[in-house]
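One letter stands for each residue in the lines below.
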Amino acid sequence: MKVSLEWLRKFIDVKVPAAELGEILTRGGIEIGGIEELNQGLGPIVVGEIVRMEHHPNADKLWICEVNIGDQTLQIVTGAQNLLVKDKIPVATHGTTLPTGQKIRKSKLRGVESNGMLCSTDELLLAAGLGEPRSEGGIMILDPDTPVGHSLAEFIQGDSVLDLDLYPNRPDCLAMVNVAREVSSLTGEKVCLNHWAETEQGPDYPEDPHTKIVIEDPKLCHRYAALLVEDVKIEPSPEWMQKRLSAAGVRPISNIVDITNYCMLEMGQPLHAFDRDKVSGAIHVRRAVQGEKLVTLDNAERTLDPEMLLIADDEKALGLAGVMGGLNSEITDATTRILVESAHFDSVSIRHTSRRLGLRSEASNRFEKGINVAAIAAVLGRVAELILELGAGRPVGFVEENKAVLERRTVVLTAAKTSAVLGMSFTPEEISEVLDRLQFPYEQQGEGFIVNIPNYRSDIEIEEDMIEEVARLTGYDRIPTTLPQGDQTQGRRTSEQEFRRKLRHLLVNLGLNEVITYSFNRPNADELWGRSDQSITLMNPLREELSVMRTTLIPGLLEVASRNVARRNLDVRLFEIGNVFWADEQPLTQLPHEKLRAAGLLYGKPSRHWLKSEAEYSFYTVKGIIEALAQEFGLKLKYEVPQETVLLHPGRSAEIFLQGKKVGFMGELHPVRAKEADLDHALVFELELEPLFAASDMSIRATSIPRYPAVQRDLAVVVSKDVSARAVMAKIRELGGELLDNVDIFDVYTGKPIPENRKSLAFALRYQSLERTLTDEEVTTLNKQILEGIEQEFGAESRK
């Protein structure tokens, strides 16, 4: 927002220079991006009058002018073609330095002496609209009443323009009247605004019976008002208005367009004027039809979609709401009746339209940040006032359609909380002074205040917002600097972070490579592997195929593995530690569940090595990884054969249990799944980490090295094929007692001479005592007890 100091002084007596005012605003939270000085260096330029003109004898396009500058008459040669005798023009004499830095000297042009230069607005760094209409494209022509011989600086005042870098929470400062209010609150100077900036009432004109407004989508347009003006005269706006518009960075066009832009900058409400005679029937505020076309004022044809809001009549689209008008309703020199629009449009809709079409404007910028819906009608009162003041037309009617429900906002502000939040003491009197400077109506109740928030301050919703206002106006530099206090503790990882770190290092040391995949899955893959009934669908996915939050890590690993295998990487060892998500309800009314899991995938076989024989990864490779994890964290895991599975191989998979609860699975992909992913014999595992962490024991315990020798015995038994080796090993450990140090299975055999429905299991048992050397007799006795126990439990037979 560019703020002209000359314009600002119409509302408030700014007694400090621009640089100091910029510092005051910046300290008050309104950052100044820069200060531009306008109309500087005009002191040496004098006003002259052309008393005689004749063609240059040696050049068809040059003129020899005699120019009266008050105390002398100069001969000046010019190439300008817009001059007439008796024109008043700016003259730079010999030795004058122009605002552009160019120094003027006497010279000869085609043999004729020239003693200065007649100046254009470009050469004086002035706005293009200044001067008489004939000034465009040539020498600047001054008002005929301008006295000759005086400095141009006496008639064209210098100005300073402050460039405000506004944050999204202060859209109110996109209006000059609100900038004046801000300066008033920071400096204490009294602000004097026009009547229409202090009211929310519209102009007092009768309702036009021929103009009807139809808001078809109240969610996108909350309020729409229009002012009907007849007997319109299209002509240039006055110089004072053109200067202020130019200082604000807006190009002057004509009186009607300039009035709408002037009111937008002054009041903060974007406006648009339609040629009333080009509007057929009612004004409709509606969504565009898919593929609908509109030629905008920049003469570009736009293709629209239903997310864009249109202003239309009964037959055609008239303009893009809040962005740009249409060429078919443009005001021209032949226009005699206009309809001035003032409306409140949904900021998200305007942002979508503006970005989709690549159209950015002062109007769209204001709508995107939010405008004051309560001031919609009052702005049209200011428009009517300026139209009458400039003689640009005759306002005759006013019409409005209001779908907005205005609720007055009140905030309770207390001295106690203000002092606690800001870290310094505030009395009720100090807070009352701040509220008076803000000009916020309030009611004091003890040490508290009930503050009525004006509609133009949309950034204030809660008590903390008002506390910020207190801090701004009393000065952030008044808040004391204090060092943070508290007990210092040594920075360290939490036990859960340490668990994740150890798990990650363990899997890396076991030869797996960590990957990080998207937190989103394909819907069909997530439905297959995860919780399809509890998955969360994204409203705005990165890609359509990644449209649900993942409830399992496996699909992501399968995609990474498939990509690697397609590029001939045939030794794939992957793992990922990440969160999965699911919800108990649809649609969501609270945050979904978010749980940490670890998953892995192995495919192919290790790279060839002279010390190792080639062997593909198998179920026991994955089981070894899980066992290493259990040993590292002191977990007692159990494994069970899945009852039925369409994901894993029926004979090469297992479900993993901890303390009777399923915490994961492992195994080879089901042949159907492996074929779909083109990953034959791939192996996967997935574990829930929360129960594993809760049951883990990461304490380090030291045990002495046994002083006495161990005794090794083998035990081979024949059992039914239905008996699991795990159950037999558990019974052996139970019967072996404290002297049985370890038991391992080293052979499983079926075939002759073993009966067809039976299998042979061979175990290696190691006995050891920390207190004495075991005798052969007691080991033999213990081994016999174990054999008898498993014979009785499982119907086993000793295999000789």
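Below or above, wherever it landed, is the structure these notes cover. Keep in mind the model is a prediction, meaning the values are calculated, not measured. (Residues numbered from 1 in each chain as written. Predicted model: local features only at pLDDT ≥ 70, side-chain atom pairs only at ≥ 80, totals over all residues. Heavy atoms only, no water.)

What follows is about the overall build of the protein. Each helix and strand in the protein was counted, giving 19 helices and 37 strands. Against the globule reference of 28 Å for 800 residues, the protein gives a C-alpha radius of gyration of 43 Å, more extended than a compact globule. Along the longest, intermediate and shortest principal axes, the C-alpha atoms of the protein span 140 × 70 × 65 Å. Excluding contacts between residues fewer than 6 apart, the proportion of contacts in the protein whose partners are at least 24 apart in sequence is 68%. (Helix = DSSP H or I, 4+ residues; strand = E, 2+ residues; numbered from the N terminus. Rg over C-alpha atoms; globule rule 2.2 N^0.38 Å. Contact = heavy atoms within 4.5 Å.)

It is worth spelling out the environment of Ala762 at this point. By the secondary structure assignment, Ala762 is in strand β36 (residues 758-767). Separated by 468 residues in sequence, Ala762 and Leu294 place their C-alpha atoms 85 Å apart.

Moving on, we come to the pairing of β36. The side chains of a regular strand alternate, residue by residue, between the two faces of the sheet. Burial of β36 is extensive: nine of the 10 residues sit out of reach of the surface. Alignment of strand β34 (residues 711-720) against β36, held across 10 bridges, turns out to be antiparallel. The residue of β36 that forms the bridge with Arg713 is Leu765. The sheet contact formed by strand β35 (residues 740-749) and β36 spans eight bridges and is antiparallel. (Buried < 20%, exposed > 50% of the residue type's maximum accessible area, 1.4 Å probe, protein only. Pairing = 2+ DSSP bridges.)

Our next topic: the sheet that holds strand β23 (residues 442-445). Spatially, the three strands line up as an open sheet ordered β22-β24-β23, and their pairing is antiparallel. The open sheet terminates on both sides in strands that have one partner only, identified here as β22 (409-414) and β23. The mean inter-strand angle of the sheet, taken between neighbouring strand axes irrespective of direction, is 20°. Direction of pairing for β23 relative to strand β24 (residues 448-453): antiparallel, over a ladder of four bridges. Of the residues in β24, the one forming a bridge with Glu443 is Ile450. (Axes fitted to C-alpha atoms, helices over the stretch in contact; angles between N-to-C directions.)

This part covers the sheet that holds strand β28 (residues 571-582). Whenever strands of a sheet pair, they do so through backbone hydrogen bonds, lying parallel or antiparallel. Judged by pairing direction, the sheet is mixed, and its seven strands sit side by side in the order β25-β28-β29-β33-β32-β31-β30 without closing on themselves. Each edge of the open sheet is held by one strand with a lone partner, namely β25 (513-514) and β30 (637-640). Examined bridge by bridge, β25 and β28 share two bridges and lie parallel to one another. Paired with Asn513 across the strands is Leu574, a residue of β28. Along the sheet, helix α15 (residues 619-633) contacts β29 (593-604), β30, β31 (648-658), β32 (661-669) and β33 (683-688); its crossing angle with β33, the most-contacted strand, is approximately 25°.

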